[in-house]
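Observations on the model geometry
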Amino acid sequence: MVVFARAISSTPLIMVMIPGIYKHLRCRNNVYPGCDVRRYPVPDESVFWSQPYPDYQPPLYEAPVLKGKEWADLDVGDSNFKVKWNQLDGGVNRVSFVGEYEVRDGFPMNLFGRTGIRGRGLLGRWGPNHAADPVVTKWKIDAGGRIVVNEVSGRQVLQMCAIERHDCGEWAIPGGMVDPGEKVSATLKREFMEEALSSSSDTEEIEQFFNGGKEIYKGYVDDPRNTDNAWMETVAVNFHDEDGSIVGRFNLHAGDDAAKVKWMDVDSGVKLYASHANIIRRVVDANDAHW
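Not measured: the values here are computed from a predicted model.

With twelve residues, helix α3 (residues 276-287) extends 17 Å between its outermost C-alpha atoms, agreeing within 8% with the 16 Å of an ideal straight helix rising 1.5 Å per residue. Among the residues of α3, those classed as buried are H276, I279, I280, R282, V283, V284 and N287. D288 sits one or two residues past α3 and shows a positive phi near 50 degrees.

Right, let's get into the layout of surface pockets. Size it by volume and the second largest pocket reaches roughly 200 Å³. Lining the second largest pocket we find 14 residues, and of these W49, M109, R118, D228 and N229 sit closest to its centre. Residue classes in the lining of the second largest pocket are distributed as seven nonpolar, two polar and five charged.

Bringing the state of the cysteines into the picture now. Scanning the model with the defined rule gives zero disulfides in all. No disulfide involves C168; its sulfur sits 14 Å from that of C35, the nearest cysteine. A relative accessible area of 36% means that C168 is categorised as partly exposed.

Time to look at helix α1 (residues 184-196). In an α-helix, one turn spans 3.6 residues; hence positions three or four apart end up facing the same way. In this model, α1 (13 residues) spans 18 Å end to end at C-alpha, consistent with the 18 Å of a helix rising 1.5 Å per residue. Listed in full, the buried residues belonging to α1 are T187, L188, E191, F192, E195 and A196. Buried residues of α1 fall within an arc of 125 degrees about the axis and therefore sit on the same side. Contacts from the buried residues of α1 go to β9 (127-139), β10 (158-165), β12 (176-177), β14 (230-241) and β15 (258-265).

As a further point, take the environment of D228. Tracing the sequence through the fold places D228 in the loop between β13 (214-220) and β14. A relative accessible area of 2% means that D228 is categorised as buried. Taking C-alpha positions, D228 is 8.8 Å from G127, a pair spaced 101 residues apart along the chain. Discounting chain neighbours no more than four positions away, the residues touching D228 are W49, Y56, P58, P108, M109, N110, G113, R114, T115, G116, I117 and R118. A polar side-chain atom of D228 sits 2.7 Å from the main-chain amide nitrogen of T115.

Rules of the game
- Residues numbered from 1 in each chain as written.
- Predicted model: local features only at pLDDT ≥ 70, side-chain atom pairs only at ≥ 80, totals over all residues.
- Heavy atoms only, no water.
- Helix = DSSP H or I, 4+ residues; strand = E, 2+ residues; numbered from the N terminus.
- Expected span 1.5 Å × (residues − 1).
- Buried < 20%, exposed > 50% of the residue type's maximum accessible area, 1.4 Å probe, protein only.
- 1 Å grid on protein atoms, 1.4 Å probe; cavity = no way out; pocket = protein on both sides within 12 Å on 5 of 7 lines; lining within 4 Å.
- Points joined across faces, edges and corners; volume = space filled by probe spheres on them.
- Nonpolar A, V, L, I, M, F, W, Y, C, P; charged D, E, K, R; others polar.
- Disulfide = S-S within 2.5 Å.
- Arc of directions from axis to C-beta.
- Contact = heavy atoms within 4.5 Å.
- Polar contact = N/O pair within 3.5 Å; in protein donor to acceptor, adjacent residues only side chain to side chain.

Pasting the structure below:
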């Protein structure tokens, strides 16, 4: 369930995820990514921590890839792990975009409830793991150089730059994790350059392009990697190339984190990783495009 609200002004449709109302789906009742650990069943009526679930016994999973990595936290029980929850902890931002999260027995608790698995799973940080998603768009152009208009809706057809993820084979926004101490604006530009453009692209023009942008979403992500103690949050910003003269003219090139990259038509049938389709819907509304 997703709760929608429209601002009084001309602001586009805003998706609001509220703990205690929104129920995540991608991180429940399935096998955790990259392993054979099955999540403990969590029915809809038992998602929220406020609801009793005396039989709840989620397995603990920590991916081996986390061991010894500089970008990963130490175990909660490690005496060297000195942490400041719900605040800026050195270069690591442990503040949730959604609100203050509870800490039980030293473990941060997912603001949106039970996921059927404890620990960090594949995520490097306990609590919120912050990402940035640059949604780069342009209008679809026909062979004659005209913007394509959908015959049914009468609206222009939007295209987004999408990558195919190596880990799951799903198409996604070319985003990534915010490095400690890094500004989100820098992450947005870096991730797009690394995952979708070749190194020969005009970096000065790209710099100017990424100085703009419209924030589309900031909050929780229903990501399959989420656990009871670690979860994904993102800032999604739309960078629209109105006449296709900037990123629209560059050759897309899949980086190390992407198997493929392409300009994808956007409509109601788009299938994307995690909650990315919800983000794209907001971009469509912001640009008054076909859906």
